[in-house]
Structure formats: C-alpha cells, structure tokens
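Coordinate inspection notes
Listed below, chain by chain, are the residues.
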Amino acid sequence: MILSIAKNRLWNLRRDRAAMVLSFAVPLVFFTVFAAIFARGSGRAATNPVKLVVVDEDRSESSSRFVAALQAETALKVTTAAPAQKGGAGGPYTAATAEAAVRAGDFPVAIVVPRGFGERPIRFGASGDRSKIVLLTDPSDPVAPQVVAGLLQKVAMTAMPDAMAQAGIDEVEKWSGGLTTDQKTRLQESVAGIRRQTSGNRPGSEAGLVDVVTRDVVGEKKKNPLIAFYAAGIGVMFLLFSAAGAGGALIEEAETGTLDRILSTRVTMTRLLAGKLAYLAGLAASQLLVMFLWGALVFGLEMRGHWAGFLIMTAATALAASTFGLLLAALSRSRMQLVALSNLLVLVMSALGGSMFPRFLMPEFMQKVGLITLNAWAIDGFQKVFWREEPVRNLAPQVLVLCGIALAFFLLARRVARRWEPI
Amino acid sequence: MIRPVTAASPLEVRELRKSFGGLKALDGVSLDMFTGEILGLLGPNGAGKTTLVRSVVGRVVPDSGELRIFGRGPLEKESTAVRGWVPQEIALYPLLSPWQNLWTFGRYQGLEGADLERAIARSLEWSGLTDRASDKTSALSGGMRRRLNIACGTIHSPRLLLLDEPTVGVDPQSRERIYTMIGELKAGGVSLLYTTHYMEEAERLCDRIAIIDHGRIIAAGTRDELVLSTLGTRQALTIEAEAPVPPSLRERLERMGASVNGTSVVLRTEDAPRQIRELLETFHAGNTRVRDLTLKPPSLQEVFLDLTGRELRE
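Notes on the structure in this doc start here.

**Here's the deal with the overall build of chain B**
A tally of regular secondary structure across chain B gives 11 helices and 13 strands. Taken along its principal axes, the extent of the C-alpha atoms in chain B is 80 × 45 × 35 Å. Here chain B, with 314 residues, has 40% of them falling under the buried criterion. Considering only contacts in chain B between residues 6 or more positions apart, those separated by 24 or more positions represent 70%.

**Concerning the sheet that holds strand β2 (residues 23–32) of chain B**
The pairing of strands in a sheet happens through backbone hydrogen bonds and is either parallel or antiparallel. Residues and elements named next belong to chain B. On the basis of which strands lie adjacent, the open sheet formed by 3 strands has the order β2-β1-β4 and antiparallel pairing. Taken across any chain shown, the strands that pair with only one partner, and hence form the sheet edges, are β2 and β4 (64–68). With strand direction ignored, the average angle separating the axes of adjacent strands in the sheet is 25°. Relative to β2, strand β1 (residues 12–20) is paired through 7 bridges, and the arrangement is antiparallel. By the bridge assignment, Glu 12 is partnered in β2 with Asp 32.

**As for the nonpolar core**
Core analysis: the largest hydrophobic core is formed by 165 residues, its most contacted members being A:Val109, A:Ala110 and A:Ile111. Among the elements that line this core, the one with the most residues is helix α12 (residues 307–331) of chain A, at 13 residues. In contact with A:Ile111, other than residues within four places in its own chain, are A:Leu52, A:Val54, A:Ile133, A:Val134, A:Leu135 and A:Val148. B:Ile239, B:Ala241, B:Leu267 and B:Phe283 belong to the second largest nonpolar core, which has 9 residues in total.

**Re the sheet that holds strand β10 (residues 235–241) of chain B**
Residues and elements named next belong to chain B. Overall, antiparallel pairing links the 4 strands, which are arranged β11-β12-β10-β13 in an open sheet. The open sheet has two free edges, formed respectively by β11 (259–261) and β13 (290–296), since each of these has just one partner strand. Averaged over all pairs of adjacent strands, the angle between their axes in this sheet comes to 15°, without regard to strand direction. Pairing of β10 with β13, which is carried by 6 bridges, proceeds in the antiparallel orientation. Considered in β13, the bridge of Glu 240 is made with Asp 292. Packing of helix α10 (residues 272–285) onto the sheet brings it into contact with β10, β12 (264–269) and β13, and relative to β10 it is tilted by some 20°.

**Let's talk about the pairing of strand β6 (residues 160–164) of chain B**
Residues and elements named next belong to chain B. Summarising burial for β6: 5 of the 5 residues are buried, a large majority. Residues of β6 alternate between two faces, with Leu 160, Leu 162 and Asp 164 on one and Leu 161 and Leu 163 on the opposite face, all of them buried. Direction of pairing for strand β5 (residues 83–86) relative to β6: parallel, over a ladder of 4 bridges. Counterpart to Val 86 in the pairing with β6 is Leu 163. Both β6 and strand β7 (residues 191–195) contribute to a ladder of 5 bridges, which runs parallel. Among the inter-strand pairings, Leu 163 is bridged to a residue of β7, identified as Tyr 194. Between the parallel elements β6 and β7, the chain passes through helix α6 (residues 172–187) in a crossover that is right-handed.

**Considerations on the pairing of β10(B)**
Bridging between β10(B) and β12(B) involves 6 bridges; their strand directions are antiparallel. Its bridge partner being in β12(B), B:Ala236 is matched across the sheet by B:Arg268.

**Overview of the interface of chain A and chain B**
Contacts between the two partners involve 13 residues from chain A, matched on the other side by 15 residues from chain B. Residue contributions to the side of chain A that touches chain B peak at 5 residues, all from helix α10 (residues 258–263) of chain A. For the side of chain A that touches chain B, the class distribution of residues is 5 nonpolar, 5 polar and 3 charged.

**Describing the environment of A:Gln337**
All names here are of chain A. Relative to the helices and strands, Gln 337 is located in helix α13 (residues 335–353). Classification of Gln 337 by C-beta neighbours within 10 Å gives partly exposed; the count is 19. Expressed as a C-alpha distance, the spacing of Gln 337 and Val 21, which sit 316 residues apart in the sequence, is 9.3 Å. If we ignore the near neighbours within four places in the chain, the residues touching Gln 337 are Ala 18 and Ser 332.

**Some thoughts on unusual backbone geometry**
Even without being a glycine, A:Glu389 presents a positive backbone phi close to 50°. Relative to the helices and strands, A:Glu389 is located in the loop between α15 (374–386) and α16 (396–416). Residue B:Asn287 is not a glycine yet carries a positive backbone phi of 55°.

What counts, and at which threshold
- Residues numbered from 1 in each chain as written.
- Chains lettered and ligands numbered in written order.
- Predicted model: local features only at pLDDT ≥ 70, side-chain atom pairs only at ≥ 80, totals over all residues.
- Helix = DSSP H or I, 4+ residues; strand = E, 2+ residues; numbered from the N terminus.
- Buried ≥ 20, exposed ≤ 12 C-beta atoms within 10 Å, placed from the backbone.
- Contact = placed C-beta atoms within 7 Å.
- Pairing = 2+ DSSP bridges.
- Axes fitted to C-alpha atoms, helices over the stretch in contact; angles between N-to-C directions.
- Core = buried A, V, L, I, M, F, W, Y, C linked by C-beta atoms within 7 Å.
- Right-handed = clockwise from strand over helix to strand, strands pointing away.
- Nonpolar A, V, L, I, M, F, W, Y, C, P; charged D, E, K, R; others polar.

Structural data, given as structure tokens:
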C-alpha cells in the first residue's frame, strides 16, 4: 500500500512539468550560479584581486619602490591614475580624488603615501611624528582594507630591506651610545649593497614596519553601516517574489473565466494590465517603505536626509519589480508554472544581483554579469542614497535603467497578453 | 452617450463562420432575435454554442459573416453597454463580498457614483443577497453564487442578456428562484439568449428555441412549431412487456412499424386508439403480458433526437 501511494505521487510528478523543473532544474541552476560566484576558493580569493588606488605624494626613490612593489602584488590591482573619462581630465590620483573614488564606490580602498615617507619609511618602536601612510576605506567591504593593510606591511618588509636595515642601525646607534665612524661607514656600505640587490623588486629578507593610519571615508558616522544594504537586498528579492505572486491573480482570472468576463466589459487588455501595474507598484512601494522603516526602528537606519533619494529609488524599483511580476504572469500558463518560473528567476537574479551576497565580494566577471539583473541596479541605487550619501542627481543611471526595464517588461507583457484577446 | 437603437433587432447573425485550425466551429450560423423574447439555444456538446455566444460578447472574432447587436458590431462601445453576459462558470472573486463583486463589475461597465450605488442595491435586492452583501462570496451557497453571477452580468441593465447554463449544479429551490429572476428580466423588456442542457427548462422558459448542430442552426421556432415541423402530430405509444419480447412477436410488432428494445416497444402514431387496440391484441396473441402502457405527445427531447441523432447531453 505504501508503495502504491508513492507510485501515485510519482505519476503525478511526471505529469506536472513545473514540479519536475522545481525538483531538479532549479537546484542545478542554483548550484551553477553559486559555484560561478564562489569558484576557485572562498569569497575573495587570489583570483579576485583587491582594487586599490595608490597616491604617491612623496615621489621619492623609496616611495616609488614601495608603490612598484605594491603593483607587483598579485592580490592587488593597483591604479595610480584616474581614467580620462572619469572625473574629467584624468591624470594621477590625488588624496582628494582618491577619497572621492572610494566614496563613490569605485574602489574599496585607497592609500596615500605622504610627503616625507622616503626619508624614514620604516622605523622600529614608537612612530612619533613620522609621516604615516593613510588608508582610505569603504567599510561596506570588510575584507579589502584588511588585505591591503596586511600587504602594506609585507611589501615594506620585502621591497625595502635597506630602509629596514637603516632603521635597525639607527636604533643600535641610539641605544648603544653611538657607533664609530668606521663602523658607520661599513654599515652604510652594507645598506647600499642591500639597496642594489633589491632594486629589481626582489624580495628581501627580514621584516620591518610601515606606519599606517586607517580612515573610513564612507559611513564613518553610521551606527549600523550595512543595514541599508540588507534592507535593499532582501527587500528587492521579496518584492520580486510578491510581485510574481500577486501577478498570478491574472492567471486565476483566466482560469476561472473572470478574465473573459472582464474583457467583455468596457475594460481593454491595456487598461487591465495598467490597473494591475498600478496595484502591484503601490504594493511594492509599501513593502519597501515598511522594510526601511523597520530598519530605521530596529537597526538605526538613518532615514532623515535620505527621504528624497529613498522615494525616488523606491518608485523606480517598485515599477520595475511590478512589471517583472506582470510579465511572468502573462508568460505562465498556470499557477504552478508561475511558481516554478518565478522561483527560478527570482532566486537566480537575487544571487547574481547581490541580494544574497554583496556583489563587491564576487569575482569581477560576476559583478559585471550581475548588472543584467534589476536587483543590482536597485541595490546600487539604495547604497548611493544611504551609504554613500550621494546627491539625488547621481541616481540617474539606476533610475533610468530601472524605468527602462519597467517599460520594456510592460510592453512585453502587453504583447504576450495578446493570447487572451479575442481570437 | 449611447445612440438609441430601438428599431434594430437585439441580435442579428448572418452566415457566421469560424474555424479553429481544421475544426469548423461555426459553419454559416444565421439567427434573429426579437425584442423582449427568450430565445433558447440548444445543441449537443461541440455543436458551436459556446463559439456563437463568445462571438456575440466579442471574445471570438468570426472569420466571416455578420453579427449585429441592436444594429452595431459586437466590439463597438455601444454594444458593450447594452449587452450583458452571464458565463457558465462562476466568474466572481471568491474572497470579495457580493457588494464588492457587484461594485467591480459595475465599474468595469462604466457605472460610477450614485448610479453605481443604486445599481448595487437594486442587484442585491433582486438576487436576494442584501443580507449577505458583506459576506465572503466563497462562503455563499451554490445557488447564491449563481444568483450573484447573474446579478454581476446584469448590473448595468443590459437590453440583451446572454445566459450560459445559469442553473447548472443548482438545487431545485434555487433553480425556481433563478427562474423568477429571469422572468423579471423578461418582464423588464430584456431580450435573453438562453443556453441550457435542461430540455424542460427550455420548454418552460423560452419563447422560441434554436437548435444548433455541427456549427449550423438546423431548426428554430416555438416549441410547437418545432414539433410540428419535425415529428408532426404523431404521439409516442410505449408498451413495457413483463419479459423480453420473443422473436416471433418482435417480427410482428416491427411489421406494424414499432421499434423493439428488450422489453420496451415504441410506436409513433396519428391514430392512438386504433393502434393501442391492435398492439394489445398482438401481445395477447403472442402470449406476452403487458406491464405498462403510456401515450405521450411529441416532446422537445424527441425533436432534438430526431434532428441531431443525439441526446442533448451527449
């Protein structure tokens, strides 16, 4: 009897193509997407170097060697000059333009090698008033600053052993009561030898320390810095789920004959879809509002000063998500198909678009792929508003893309919905 | 606003044709309706009833032919306003209340404000749902939902109403209630095209009946006209034997023009008294006892069978 029941269920499954897809294809697609994101090692592996801006204010022989050694690090992707199209003229980054680039989210970290660094790049013990390397970071990426900070120390040790030796000699002289002229001459010759040996950026021997001061240039005053990211990421994902679910009303109307009845009245298909869109967009906007207000209430998300950007992004995101739901409903032949299709698409879009895992921690190729999803554009826009506190006009790319997606989806849904029109 | 079209017939159909792939759903249907009448549309499954009704409500575009509703095409705005449709399915929103369903379809038909409020109140009253106006539609009985289904199709006071099997799955008491509603619509001057599978319903309610088969109207007229034109005045004489009719008797009965099926013998006759006497004598001579004898005037059911070769429910 038990086997008969199992057999009956198996027959049902084989008859239900949507359930089949849900059972087998969806997990495979997921596995593939996540494997692509996290391929070859965990998270930010050596395959995904940290993008770093280096500003050399010192321009000394030591600082040049230091920068060259940083550039030689495979874990870093060092940029020293701004591209011509970005920020106008281009040319080498300055401390100010580097900070702006981090603030804009173009780079997770920038370092500024200060004037006077070359005179005493390394010193043992307390640093005193010595020039310090400034690390400008965007803490929304918690990994990159730590990688860079560690590599700075490594590079100092391996690229500038002569500076380290000099620092050691200085310490010996200080604590031994002074060296003789002869001793000093021989030690200086050794240091010069070390310098000659390491001029080709070859790793040196022992370790020393560079002084680094880290400064968050974004969200430094925020209580809970990543909450806006999670509110946007999770919010958009569930918006897509609920829009697809609510769009399913269209299928129910078609299945129960109500759609036929509606279309025999004065309501045309375009009006019907526009009415459904109005409802779905209103619902989606309310959902985002509730999500962010909850974030403000429970997690201290700062809404004050961000309302304009929030409302603009909410409107654009709600429109795009609603038309997505409408399009899926128009494409699906049954509720089951809609559930299968929406689960598949929403989960894949959310994984690629950064709703589940921040895009900046993905390999660069996957970051670019993510831009095909509306999640990525919505999350980027909300990040600009709440994290980078950019002016509203900077939301133009995100708003335009989301509205473009909304228009395209609506027109497509209208076209697909022709199957319900008189035949 | 809507132009008065009183002079035109509620529905005129001329040589309407529609094929789906290789299947001819309508093969030259022609039909006329008179103002204020109930025209019954009968036909076996797959005969073309649904395609015809869907053509009238603008959900099917015919390949050729002409269809006019009070003189206008089915897709014209004026036709939408004067035409109502009650589909066979309970095409309502189950989670909404009767009031909300009526509001929805009233709005979709262009009613608003006080007109809409009045129409809702009138429809609730008419369908006997005033007390249940705020309940969930899914919580209503089958009969109540059927009535609400009709009310939603008539909220805009159409002058031509298409009723598709409005009493399917309804208990006798609710059915009577629906008949009363239909009678009130007719009394109000509404012309009704009534599709049904219940022959007795068609005989009772309809002024005229059109029989459709293989995509064509094969007969149309009043019940009596249909009977006269197909079966004439012959009555059906049925005799039930106590045991299966033996072959020798069967041969004699068939020579008299009767059809024999097991214990049942049917003979159509213009002269019932003489035929009854002759049949009973034949049974007596054949040593077979008669259990029951009935004489019926020709029925619509027989007309239908005669014309289509099929029962209505096939």
